[in-house]
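Residues per chain, in single letters:
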Amino acid sequence: MRRRPFRAPHHTISDAGLIGGGSGSPRPGEVSLAHNGVLFLDEFPEFPRNVLEILRQPLEDSTVTISRSNMTFCFPANFMLVAAMNPCPCGYFGDPTRECRCTPAIIQRYLGKISGPLLDRIDIQIEVPAVPYKELRSGEVATSSEEMRGRAQKAAEIQRARGYSNARMPTRSVRKDCALDETGERTLEMAMRRLSLSARAHDRILKVARTVADLDQSDSVAAKHIAEAIQYRSLDRNYWS
Ligand SMILES: [Zn+2]
């Protein structure tokens, strides 16, 4: 009970297994077992589409509602979703050393398994290029995990003082807590237009920018913070371009 859970269910999981339910009295699913911790979904597009779509409710409300003919059950489900996927079914799209054998239609179908509305609810999307062998073998580290942990803890403290984590920031506070200067406003406006981002993505970018600023221990959200947050929407960018 003292350690935050880390759950990593396989993509063959049923919707009842992930969300909760089952025959007889409903049992909590992985989203509830990951409450206050991490739910890690590897091979994200391999999960059945209906299973992925039902993730939207707990992602939005932090609870899960299971309806039965005569009653309704509520389970807590305040988890951080972490998901990993390949750029294409063969895994080599964009790789400088190996050739991808997938057609554009196959890649589109693969990426299309993650719907726009689900993608919208994922704050940070980044491409991670394969690490070259030489770098893998060298002992040099840019930032140590210890250092990163220290920075993250400081940022968390700043957020605790504000009363909520940035991910849980109430909509009415976004305008005040994530106020932008003129350059920041222009940067965001341009990105919104060019990437045709939704209103939900707009608020999420602001919250991520607030976190980037907190990691920087900066009181205000500067243009560079908002620019970095926009960088973290790489799937949106590929998706709609
Ligand atoms: Zn491929």
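Visitor: Describe in detail the pattern of salt bridges, supporting the description with residues and values.
Guide: Per the counting criterion, the structure on display carries 14 salt bridges. Of the charged contacts in the structure, one is a salt bridge between R200 and E60, with a shortest N-O distance of 3.7 Å. Taken together, the residues R200 in helix 11 (residues 199-215) and E60 in helix 4 (residues 56-61) connect sequence positions 140 residues apart. Under the relative-accessibility criterion, E60 is labelled partly exposed at 37%. Here R204 ties to E60 by a salt bridge, and the two come within 4.0 Å at their closest N and O atoms. Pair noted here: R204 is in helix 11 and E60 is in helix 4, with a separation of 144 residues, a long-range link. Accessibility expressed as a relative area gives 17% for R204, which makes it buried. It is possible to trace a salt-bridge network through shared partners that takes in E60, D120, R121, D123, R200, R204 and R233.

Visitor: Any chance you could break down the nonpolar core for me, citing the residues and the numbers?
Guide: Among the nonpolar cores identified, the biggest contains 23 residues, and L18, V31, L39, F44, L55 and F79 are the most heavily contacted of them. At the level of elements, helix 1 (15-19), strand 4 (38-41), helix 3 (49-53), strand 5 (63-67) and helix 6 (116-120) are the ones that each hand at least two residues to this core. Setting aside residues up to four positions removed in sequence, F79 forms contacts with V31, A34, G37, L39, L55, P58, L59 and R168. Core analysis: the second largest hydrophobic core is formed by 21 residues, V174, L197, V208 and A209 among them.

Conventions we followed
Residues numbered from 1 in each chain as written. Predicted model: local features only at pLDDT ≥ 70, side-chain atom pairs only at ≥ 80, totals over all residues. Heavy atoms only, no water. Salt bridge = Lys/Arg side-chain N within 4 Å of Asp/Glu carboxyl O. Helix = DSSP H or I, 4+ residues; strand = E, 2+ residues; numbered from the N terminus. Buried < 20%, exposed > 50% of the residue type's maximum accessible area, 1.4 Å probe, protein only. Core = buried A, V, L, I, M, F, W, Y, C linked by side-chain atoms within 4.5 Å. Contact = heavy atoms within 4.5 Å.

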